[in-house]
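Understanding the architecture of this molecule
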Amino acid sequence: MGKYIVAGGKRLNGHVAVHGSKNAVLPIMAATVLTGAQSVIHNCPDIADTRCSIKILRHLGCDVDYDGYTLVVNSANADGIALPEEAVNKMRSSIIFAGALLGRFGVVDSAYPGGCLLGGRPIDLHLQAFCQMGVVFEDALDVIIGKADKLAGARINLAFPSVGATQNIMLAAVLACGTTTITNAAKEPEIVDLQGFLNACGADVRGAGTGIIVINGVKTLMPAEYTIMPDRIVAGTYMVAGAITGGHISLSNVRPPDVYPMAKALSNMGVDLWGEGEMLVLKSGGRLKSLPRLVTKPYPGFPTDMQAQFTALLATTSGQSAVEENLFEARHAHIAELAKMGANIELVGDSRFIINGAARLHSADVTAKDLRGGAALVLAGLNACGETTVHNACYIQRGYVDIAADLCSLGADVRLA
Ligand code: EPZ
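Scope of this entry: the structure provided in the associated data block. Keep in mind the model is a prediction, meaning the values are calculated, not measured.

**Points about the sheet that holds strand 12 (residues 212–216)**
- One open sheet accounts for four strands, arranged 9-10-12-11; its pairing is mixed. Taken across any chain shown, the strands that pair with only one partner, and hence form the sheet edges, are strand 9 (155–157) and strand 11 (204–206). Averaged over all pairs of adjacent strands, the angle between strand axes in this sheet comes to 10°, irrespective of strand direction.
- As defined by bridge partners, strand 9 adjoins strand 10 (residues 179–183) across three bridges and the pair is classed as parallel.

Below is the structure:
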């Protein structure tokens, strides 16, 4: 499983380039199944989740080459329809292949993706939408077997702006007969990136980034070349690394609108941020101010994937802060681990945290329980004097290409053991 050893107490000072987005590339990798042609995808991050998706693509019969940055997928010979159970169990988001398989072959066969530490992670919105498009599912408990003679466009209103459901509908709709309209669609930048890739392949998708997405089905898709957007959560994580150490750092490959919610929160805490050419510069000094209320919401609200990192940061400020997690019913496994480092955080119910800032955290032996909670523990280790060990490095490696090397380029002392 591996562990990160963090020698904390240093003010960070340095520069880092942010890598490609996990949550943009995963649905785009699924989309390559739709084209039956070659897709060339640049800025594909070399993380555990993309390596898992490469295995799925090969399992489905695609030819895949990857050099750590550029991914080349040829789905001409893809004929598989059954998603490998091991992949579905390991990576919940592999359910994003369902829309592509239904769109290309009209069939999907997958184990039911389990929940995780964040919560139940149901897929009812995905399945309801597919049914509206003409898919008929067998009545089974632990598998998803769905068939459609020909997918038909539909008007789909999402009860909740689910990112995955929005993406799965887009994938199923691009080759369907007629027009599909999604209302109350998720607006995340990763949805816009998926639209960009699909249209580069010859699809007709409009409105991504707004709450209404319209997809006019086309007959065929073609070869495409595309560059993935930078990872806004990795960027936000490194912004917090600068803030939690009172550092002065710069980041490149950051799109300001993508990180606006995090930049606004940091500015309210007394951190200075400004743009210098293509770079985002962050300077943090002295004891940061607490935040009376930090609430996670669907984009353009404050992202749930930054909640754990900000919870760690708020644990080091003066005064009391409150955090409300609205996206997942159990995204708080990092709190017990932060408490081992001296953080004073009271969990009210399952989704509200009262954080009483401590002067400084202290080093400890802690364990990552999920991807972003694990990253938050590494950040807490940067603040604490002494050596902090963060076990279960594999969780963090799902979403960060090399968090140790990136933080070391900012002047930290972090190593993987
Ligand atoms: C995506 O997950 C991201 N993952 C998550 O990032 C992110 O936290 C989440 O969107 C919210 O922004 C990827 O893109 C691979 P949702 P997804 O469907 O699509 C409920 C990370 O750390 N829901 O928007 O699974 C669900 O239970 C990961 O990078 C239903 O009830 O998120 C949750 O409470 C973690 N029924 C809420 O909606 C459904 O059918 C948000 O889920 C689908 C979702």
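This is not the end of the story, as more comes after the structure.
**Points about the environment of Gly236**
- Position of Gly236 among the secondary structure elements: in helix 8 (residues 232–244).
- C-alpha of Gly236 to C-alpha of Val259: the two residues are 23 residues apart in sequence and 6.5 Å apart in space.
- For Gly236, the contacting residues outside a window of four places in its chain are Met262 and Met306.

**Considerations on the packing of helix 1 (residues 22–35) against helix 7 (residues 189–200)**
- At their nearest, the axes of helix 1 and helix 7 sit 9 Å apart, and the two run at 30° to each other. Between helix 1 and helix 7, the angle falls in the class roughly parallel. Considering only the axes of helix 1 and helix 7, their crossing is right-handed. Residues Asn23, Ala24, Pro27, Ile28, Ala31, Thr32 and Leu34 of helix 1 lie in contact with helix 7, whose contacting residues are Glu190, Asp193, Leu194, Phe197 and Leu198.
- Looking at the contact of helix 1 with helix 7 residue by residue, the classes come out as eight nonpolar, two polar and two charged.

**Some remarks on the pattern of salt bridges**
- Counting across every chain of the model gives 13 salt bridges.
- Note that Glu138 and Lys147 form a salt bridge whose closest N and O atoms lie 3.8 Å from each other.
- For Glu138, a relative accessible area of 47% corresponds to the partly exposed category.
- Residue Arg232 pairs with Glu190 through a salt bridge whose shortest N-O separation is 2.7 Å. Separated by 42 residues along the polypeptide, Arg232 in helix 8 and Glu190 in helix 7 bring together distant segments of the chain. There is no split in this pair, since Arg232 and Glu190 are both buried.
- Beyond isolated ion pairs, a larger network of salt bridges with shared partners links Lys22, Asp49 and Arg398.

**Some remarks on the site of the ligand**
- Neighbouring the ligand are 21 residues; Asp124, Leu125, Ser162, Asp305 and Leu327 lie closest to it.
- The side chain of Arg121 places a nitrogen or oxygen atom 3.1 Å from an oxygen atom of the ligand.
- The backbone of Val163 places a nitrogen or oxygen atom 2.9 Å from an oxygen atom of the ligand.
- Notes on the ligand: free accessible area 830 Å², of which the protein chains cover 86%.
- If you list the elements that add at least two residues to the shell around the ligand, you get helix 1, helix 5 (124–132), helix 6 (163–173) and helix 12 (371–383).

**Some thoughts on the nonpolar core**
- Grouped together as the largest cluster of nonpolar side chains are 74 residues, with contacts concentrated most on Phe97 and Leu198.
- Broken down by element, the residue count for this core peaks at nine residues, all from helix 1.
- Discounting chain neighbours no more than four positions away, the residues touching Phe97 are Met29, Ala30, Val33, Ser53, Ile56, Leu57, Leu60 and Leu83.
- One finds Val6, Val240, Ile244 and Val390 within the second-largest nonpolar core, a separate group that totals 68 residues.

**So, unusual backbone geometry**
- Here the amide bond leading from Tyr299 into Pro300 is cis, since omega sits at 10°, within 30 degrees of zero.
- Examined against the element boundaries, Pro300 turns out to sit in the loop between strand 17 (294–295) and helix 10 (307–314).
- Of note, the phi angle at Asn43 is positive, near 65°, even though the residue is not glycine.
- For Asn43, the location among the structural elements is in the loop between strand 3 (38–42) and helix 2 (48–59).
- For Arg121, which is not glycine, the phi dihedral falls at a positive 55°.
- The residue Arg121 is located in the loop between strand 6 (107–111) and helix 5 in this model.
- On the basis of relative accessibility, which here comes to 25%, the residue Arg121 falls in the partly exposed class.

Basis of the calculations
Residues numbered from 1 in each chain as written. Predicted model: local features only at pLDDT ≥ 70, side-chain atom pairs only at ≥ 80, totals over all residues. Heavy atoms only, no water. Pairing = 2+ DSSP bridges. Helix = DSSP H or I, 4+ residues; strand = E, 2+ residues; numbered from the N terminus. Axes fitted to C-alpha atoms, helices over the stretch in contact; angles between N-to-C directions. Contact = heavy atoms within 4.5 Å. Parallel < 35°, antiparallel > 145°, perpendicular 65-115°, else oblique. Left-handed = near helix turned anticlockwise from the far one by under 90°. Nonpolar A, V, L, I, M, F, W, Y, C, P; charged D, E, K, R; others polar. Salt bridge = Lys/Arg side-chain N within 4 Å of Asp/Glu carboxyl O. Buried < 20%, exposed > 50% of the residue type's maximum accessible area, 1.4 Å probe, protein only. Near = heavy atom within 4 Å. Polar contact = N/O pair within 3.5 Å; in protein donor to acceptor, adjacent residues only side chain to side chain. Areas by Shrake-Rupley, 256 points an atom, 1.4 Å probe, with all protein chains shown as cover. Core = buried A, V, L, I, M, F, W, Y, C linked by side-chain atoms within 4.5 Å.

In short, the description is geometric, and any link to function would need to be established separately.
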